[in-house]
Amino acid sequence: MVNVIFLGPPGSGKGTQASILAQELKIPTISTGEVLRKEVENQSEIGKLAKSYMNSGELVPDEVVVNIIKNRITDSDCQNGFIVDGFPRNINQAIVFDNMLQSIGKKIEVVFNFEVDENILIKRISGRFSCKSCGAVYNRYFKLTAKEGFCDNCQSDQFENRVDDNESTVKSRLRVYHNSNIELVRYYEKNNLLYSIDAVKSVPFVSGRLMEVVKNFPKV
Ligand code: AP5
């Protein structure tokens, strides 16, 4: 069993790597950003509340995301491990998460901290687009579809950009990230869980490094 957290700035490749690692390890990814985007799309109460925070690049209130995690982490498919992408985002979320895990007899084995220069992040975010039908993520600069205009995964010809991938929201997402990440990094460093990842490298290189580390945990 391996329980993993991905920390990192917007555009650092957390979602890309989470889906690769999840497939390799046959464990689920829990992405608070993904869950929140679905809630917004469905115009649920949570979605209505989260929308303005997300569109301005601010954090959605802790109690909302904590509840999302709390409801998901006890699902049966999380029994053999999970990857949490985008949570925790601040020290309060980290402490609540630790207590939550402790109360169900679980713990985090490793926290990967994705490190990427800001100019590369901007390029990755501005180039990102995804398949409207299956959600596969591509990039105008780094990862085009094999056949122009068609998703590699499901052959759909419908693509979309994320609403929060515009210049002013990205600036705000980066500011929010810098404000809270140092404290989070220190917290996990102190608990001997932090593992820095040079996420500037190619997608296969980064996933290789992640696998090397998680391989050392029992039953992987
Ligand atoms: P969230 O969805 O978590 O977004 P984020 O953290 O800003 O991260 P991104 O999804 O933008 O980037 P990523 O690191 O996953 O990169 P990706 O793999 O796509 O959060 C969105 C919002 O939800 C937040 O702003 C907040 O409002 C709210 N929220 C979420 N969680 C919350 C929480 N816990 N508390 C409160 N609020 C919360 O890659 C980016 C691009 O680069 C892609 O096009 C990809 O193809 C490409 N790429 C990836 N890796 C490489 C590589 N190695 N080389 C070249 N290109 C690459």
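Treat the numbers as computed from the prediction; the structure is a model and nothing was measured.

Trainee: Summarise the packing of helix α6 (residues 118-127) against helix α7 (residues 167-190); cite the residues concerned and give the values.
Mentor: It is the contact of α6 with α7, at a shortest axis distance of 12 Å, that shows an interaxial angle of 135°. The angle between α6 and α7 falls in the class oblique. Every pair of crossing elements has a handedness; the one defined by α6 and α7 is right-handed. Here α6 contributes Glu118, Leu121, Ile122 and Ile125 to the contact with α7, which in turn contributes Val170, Arg173, Leu174 and His178.

Trainee: Explain the sheet that holds strand β4 (residues 110-115) to me, and be specific about the residues and the numbers.
Mentor: Across the sheet, which stays open at both edges, the 5 strands sit in the order β2-β3-β1-β4-β8 with parallel pairing between neighbours. The sheet is open, and its two borders are formed by β2 (29-31) and β8 (194-198), each paired with just one other strand. On average, each strand axis in the sheet is inclined to that of its neighbour by 20°, with strand direction left out of account. Of the pairings in the sheet, the one linking strand β1 (residues 2-7) to strand β3 (residues 81-85) comprises 5 bridges and is parallel in character. Looking across to β3, one finds that phenylalanine 6 is bridged to aspartate 85. Its contacts with the sheet place helix α8 (residues 203-214) against β1, β4 and β8, and it is angled at close to 160° to β4.

Trainee: Which residues make up the packing of aromatic side chains, and what are the values?
Mentor: The tally for this structure, following the rule as stated, stands at 9 aromatic pairs. With centroids separated by 6.1 Å and ring planes inclined at 80°, the aromatic side chains of tyrosine 138 and phenylalanine 159 adopt a geometry described as edge-to-face. Placement of the pair is tyrosine 138 in strand β6 (residues 137-139) and phenylalanine 159 in strand β7 (residues 159-160), with a sequence separation of 21 residues. Relative accessible area serves as the criterion here: at 3%, tyrosine 138 is assigned to the buried category. If you follow lysine 201 out to its NZ or CZ, it ends over the ring of phenylalanine 205, 5.4 Å from the centre.

Trainee: Give a detailed account of the site of the ligand, specifying residues and quantitative values.
Mentor: Among the 33 residues in the neighbourhood of the ligand, the closest are listed as Thr16, Thr32, Glu58, Arg128 and Arg173. Within the contact set of the ligand, an oxygen atom lies 2.9 Å away from a side-chain nitrogen or oxygen of lysine 14. Backbone polar atom of tyrosine 138 to an oxygen atom of the ligand: 2.9 Å apart, as the coordinates give it. Considering the ligand on its own, with 1,000 Å² of exposed area, one finds that the protein chains cover 95% of that surface. Of all the secondary-structure elements, those providing two or more residues to the shell around the ligand are α1 (14-25), α2 (32-41) and β6. Per-element tally for the shell around the ligand: the top contributor is α2, with 4 residues.

Trainee: Describe the pattern of salt bridges, with residues and values.
Mentor: Tallied over the entire structure, the rule returns 13 salt bridges. In this structure, the salt-bridge partner of aspartate 165 is arginine 128, at a minimum N-O distance of 2.9 Å. In this pair, aspartate 165 is assigned in the loop between β7 and α7 and arginine 128 in strand β5 (residues 128-131), connecting sequence segments 37 residues apart. You'll find aspartate 165 and arginine 128 in the same group, each marked buried. Among the salt bridges present, the one from glutamate 212 reaches arginine 209, with a minimum N-O distance of 2.3 Å.

Trainee: Help me get a handle on the domain arrangement of the chain, residues and values and all.
Mentor: Segmenting the chain into domains produces domain 1 (2-117 + 167-215) and domain 2 (128-164). A separation of 22 Å is found between the C-alpha centroids of domain 1 and domain 2. The interface of domain 1 with domain 2 comprises 6 residues on the first partner and 4 residues on the second. With both sides pooled, the region where domain 1 packs onto domain 2 buries about 480 Å², and carbon together with sulfur makes up 38% of that total. Ranking the residues of domain 1 by area buried against domain 2 places Arg37, Asn55 and Arg173 at the top, with a combined share of 68%. Our count for the contact surface shared by domain 1 and domain 2 stands at 1 salt bridge. Residue arginine 173 pairs with aspartate 164 through a salt bridge whose shortest N-O separation is 3.8 Å.

Conventions and cut-offs
- Residues numbered from 1 in each chain as written.
- Predicted model: local features only at pLDDT ≥ 70, side-chain atom pairs only at ≥ 80, totals over all residues.
- Heavy atoms only, no water.
- Axes fitted to C-alpha atoms, helices over the stretch in contact; angles between N-to-C directions.
- Helix = DSSP H or I, 4+ residues; strand = E, 2+ residues; numbered from the N terminus.
- Parallel < 35°, antiparallel > 145°, perpendicular 65-115°, else oblique.
- Left-handed = near helix turned anticlockwise from the far one by under 90°.
- Contact = heavy atoms within 4.5 Å.
- Pairing = 2+ DSSP bridges.
- Phe/Tyr/Trp six-rings, centres within 6.5 Å; stacked < 30°, edge-to-face > 60°.
- Buried < 20%, exposed > 50% of the residue type's maximum accessible area, 1.4 Å probe, protein only.
- Lys NZ or Arg CZ within 6 Å of the ring centre and 35° of its normal.
- Near = heavy atom within 4 Å.
- Polar contact = N/O pair within 3.5 Å; in protein donor to acceptor, adjacent residues only side chain to side chain.
- Areas by Shrake-Rupley, 256 points an atom, 1.4 Å probe, with all protein chains shown as cover.
- Salt bridge = Lys/Arg side-chain N within 4 Å of Asp/Glu carboxyl O.
- Domains from an automatic or database assignment.
- Buried area = accessible area lost by both parts, 1.4 Å probe.

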